[in-house]
Amino acid sequence: MTFDLQTLVRPNIAALTPYSSARDEFSGTAQVFLDANENSLGSPLKKWFHRYPDPQQMAVKAKLATIKSVDPSNLLLGNGSDECIDILFRCFCEPGKDNVVICPPTYGMYEVSADINNIEIRKAMLLDDYQLNLAHIEQLVDAHTKIIWLCSPNNPTGNSLLREDIAYVLNNFNGLVVLDEAYINFSKQKSWIQELQDYPNLVILQTMSKAWGLAGLRLGITVASREIIAIMNKVKPPYNINQATQDLMLEALEEVGMVNDMIREIVAMRDALIPVFESMPIVEKVYPSDANFFLVKIKEARAVYEFLLTKGIVVRDRSKVVLCDDCLRITVGTEHENTLLVDAFAEWINQKQ
Ligand SMILES: *Cc1c(COP(=O)(O)O)cnc(C)c1O
């Protein structure tokens, strides 16, 4: 199997001269910035928000690179992972011609982003135990398959994919394998970041939205070879990460210890909640979770969902999703929120008897 990045990239992207912003062309120190048509007088805020942010986010990447043990040239930051997903489609998939493989039930944005970009989606449903159907993936792949999207731990099922299955896909597919690790911090599995040198076709997505608790700031992380990152850099909007986000990320990235404490607490609450749900008479199954949520198969899932709404509690109704029949996806909350949730379930069960 030979992997050739040059044959994967869309010809128009290979030939593209990217936009060069004022701050791309000047890097150095200066006192007087008259190059970008900013408001030189300042802003209504007592911050440096009148200046365009660093298009390459070097300060944020330097800190992230240390935390992730990679080089900054292996990182591309997006306005959420959702932007990274879109950039990958636009770099590597020719509309109306190429296709990608996804493994449902999984994160919805791969398909939406494919549809927006007019890229054919081929579906290799997960097996009953929510692991990859490798034979089906192999059947679906053809000369126009550019990306296989994998998500581990997977959303909405919560389980991690088997490492040997991920390795099999990486070893037997000439296109890109995008591995979405949005929930990796909650998992017993280790990240594939350390494996990047061995797999030139591996692209890893992570995010500050889940374990780091920063969903509101919108910062998604792509980790891949410097060659893949260089292609993505041509396509990303010049100033996709705003100055406020960059400033706040620098602060947040100092708090690895606090984040690790939160991760431990969330995992402990998840592991305490699951047996509580397993003991409920209406619950048919709680699927094993390596994430900060769990999937519960339940009698009258939709009615339970609506009852919870009347109590002011919103969970995710996945009961109409293929392979998730009668399932609700429940995010681990605070101790208090989890109590409210369990009490509401008890009330529903009582009222049914
Ligand atoms: C929540 C989630 C993300 C995060 O998306 P952002 O745009 O970074 O907030 C990515 N992938 C999966 C599978 C998710 O569940």
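## What about the nonpolar core?
Logical step 1: Counting residues in each nonpolar core, the largest one holds 53 residues, and the members touching the most others are Leu-150 and Trp-192.
Logical step 2: Mapping this core onto the domain boundaries places at least three of its residues in each of domain 1 (5–254) and domain 2 (257–352).
Logical step 3: Leu-150 has contacts with Cys-103, Tyr-110, Leu-132, Leu-161, Ile-166, Val-169, Val-177, Val-178, Leu-179 and Asp-180, leaving out every residue within four places of it along the chain.
Logical step 4: Counting 32 residues, the second-largest nonpolar core is a separate cluster that includes Ile-87, Cys-91, Val-178 and Ile-229.

## Some details on helix H10 (residues 243–252)
Logical step 1: Those residues of H10 that sit buried are Thr-245, Gln-246, Met-249 and Ala-252. Looking straight down H10, one finds its buried side chains confined to an arc of 125°; they lie on one side.
Logical step 2: One side-chain oxygen at the N-terminal end of H10 lies 3.0 Å from the backbone nitrogen of Ala-244; it belongs to Asn-242.

## Quick look at the domain arrangement of the chain
Logical step 1: Along its sequence, the chain is carved into domain 1 (5–254) and domain 2 (257–352).
Logical step 2: Put simply, the middle of domain 1 and the middle of domain 2, counted by C-alpha atoms, are 30 Å apart.
Logical step 3: Taken together, the contacts link 23 residues of domain 1 with 20 residues of domain 2.
Logical step 4: Across the domain 1 to domain 2 interface the summed buried area is about 1,700 Å²; carbon plus sulfur atoms make up 63%.

## Some details on the environment of Ala-215
Logical step 1: Mapped onto the elements, Ala-215 comes out in the loop between strand E6 (202–207) and strand E7 (220–223).
Logical step 2: Spatially, the C-alpha atoms of Ala-215 and Gly-80 are 8.2 Å apart, while their sequence positions differ by 135 residues.
Logical step 3: Once residues lying within four places of it in the same chain are set aside, the contact partners of Ala-215 are Met-208 and Ser-209.

## A few points about the pairing of strand E1 (residues 75–78)
Logical step 1: Neither face of E1 is open: one carries Leu-75 and Leu-77, the other Leu-76 and Gly-78, and all of them are buried.
Logical step 2: Note: E1 against E7, 4 bridges, orientation antiparallel. Residue pairing for E7: Leu-75 is matched across the bridge by Val-223.

So, how was this worked out
Residues numbered from 1 in each chain as written. Predicted model: local features only at pLDDT ≥ 70, side-chain atom pairs only at ≥ 80, totals over all residues. Heavy atoms only, no water. Core = buried A, V, L, I, M, F, W, Y, C linked by side-chain atoms within 4.5 Å. Buried < 20%, exposed > 50% of the residue type's maximum accessible area, 1.4 Å probe, protein only. Domains from an automatic or database assignment. Contact = heavy atoms within 4.5 Å. Helix = DSSP H or I, 4+ residues; strand = E, 2+ residues; numbered from the N terminus. Arc of directions from axis to C-beta. Polar contact = N/O pair within 3.5 Å; in protein donor to acceptor, adjacent residues only side chain to side chain. Buried area = accessible area lost by both parts, 1.4 Å probe. Pairing = 2+ DSSP bridges.

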